[in-house]
Amino acid sequence: MKVLMVCLGNICRSPLAHGIMENLVREKGLDWQVDSAGTSSWHIGAAPDRRSVAVAKRYGVDISQQCCRQISSADFDAFDRIYVMDRMNLRDVLALARNDEDRQKVQLLLNTEVVPDPYYNDEEFEPVYQMVLAGCRKIIDQELQK
Ligand code: 4NP
């Protein structure tokens, strides 16, 4: 299974989702490919935000080597599932979809809830980490039940 995690900047939330999911699939011995991207071009080439790097590190997840990139329509060919953090991401990713098959790949990471943008609030990084972790665990559990 090939999974792409997407947020606005690809420096705060989706790098966490990328690193957390990679760690979980490794623990479970699953042969999944995980990546992340942003809907914006703002931080292309940048490392994750230091606050995301720090919260991940506290839980033994190293995201420091990730590099920001922007999502494109080609990602619909490369990935089976595209998980977005909030409704703006959902709208922006769906705008890149070319057909129904593409559209069906896109879901909110938390299904009906959103992962809030923590960029302007240092206090949000810990709760965001926990929300993303819960979402990733649920996705794996659901997939293993199939
Ligand atoms: P992310 O957070 O979408 O979780 O990576 C943001 C990162 C940067 C900005 C906004 C949100 N920004 O305005 O630069």
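Preceding block: the structure.
Anyway, here's the lowdown on the structure attached to this text. (Residues numbered from 1 in each chain as written. Predicted model: local features only at pLDDT ≥ 70, side-chain atom pairs only at ≥ 80, totals over all residues. Heavy atoms only, no water.)

**Let's talk about unusual backbone geometry**
Positive phi, close to 60°, is recorded for Asn 10, a residue that is not glycine. Take Asn 10: it is sitting in the loop between strand 1 (2–7) and helix 1 (13–28). For Asn 10, a relative accessible area of 3% gives the class buried. In this structure, Asn 111 takes a positive phi of about 70° despite not being glycine. As for its position among the elements, Asn 111 is in the loop between strand 4 (106–108) and helix 6 (125–145). The exposure class assigned to Asn 111 is exposed, which follows from its relative accessible area of 57%. (Helix = DSSP H or I, 4+ residues; strand = E, 2+ residues; numbered from the N terminus. Buried < 20%, exposed > 50% of the residue type's maximum accessible area, 1.4 Å probe, protein only.)

**As for helix 6**
The first and last C-alpha atoms of helix 6 sit 30 Å apart over 21 residues, in line with the 30 Å expected at 1.5 Å per residue. On its buried face, helix 6 is in contact with strand 1, helix 1, helix 2 (50–58) and strand 3 (81–84). (Expected span 1.5 Å × (residues − 1). Contact = heavy atoms within 4.5 Å.)

**Description of the packing of aromatic side chains**
Tallying each qualifying case throughout the model produces two aromatic pairs. Relative to Tyr 120, the ring of Tyr 119 has its centre 4.9 Å away and its plane inclined at 80°; by these criteria the two rings are edge-to-face. The partly exposed category is assigned to Tyr 119, whose relative accessible area is 32%. (Phe/Tyr/Trp six-rings, centres within 6.5 Å; stacked < 30°, edge-to-face > 60°.)

**Notes on the sheet that holds strand 4**
The strand order 2-1-3-4 describes an open sheet built from four strands, whose pairing is parallel. Edge strands, defined here as strands with exactly one partner in the open sheet, are strand 2 (33–38) and strand 4. With strand direction ignored, the average angle separating the axes of adjacent strands in the sheet is 25°. Bridge count for strand 1 against strand 2 is six bridges, and the pairing is parallel. Each bridged residue has a counterpart across the sheet, and for Met 5 the counterpart in strand 2 is Ser 36. Along the sheet face, helix 4 (residues 87–94) touches strand 1, strand 3 and strand 4 and points at about 175° away from the line of strand 4. (Pairing = 2+ DSSP bridges. Axes fitted to C-alpha atoms, helices over the stretch in contact; angles between N-to-C directions.)

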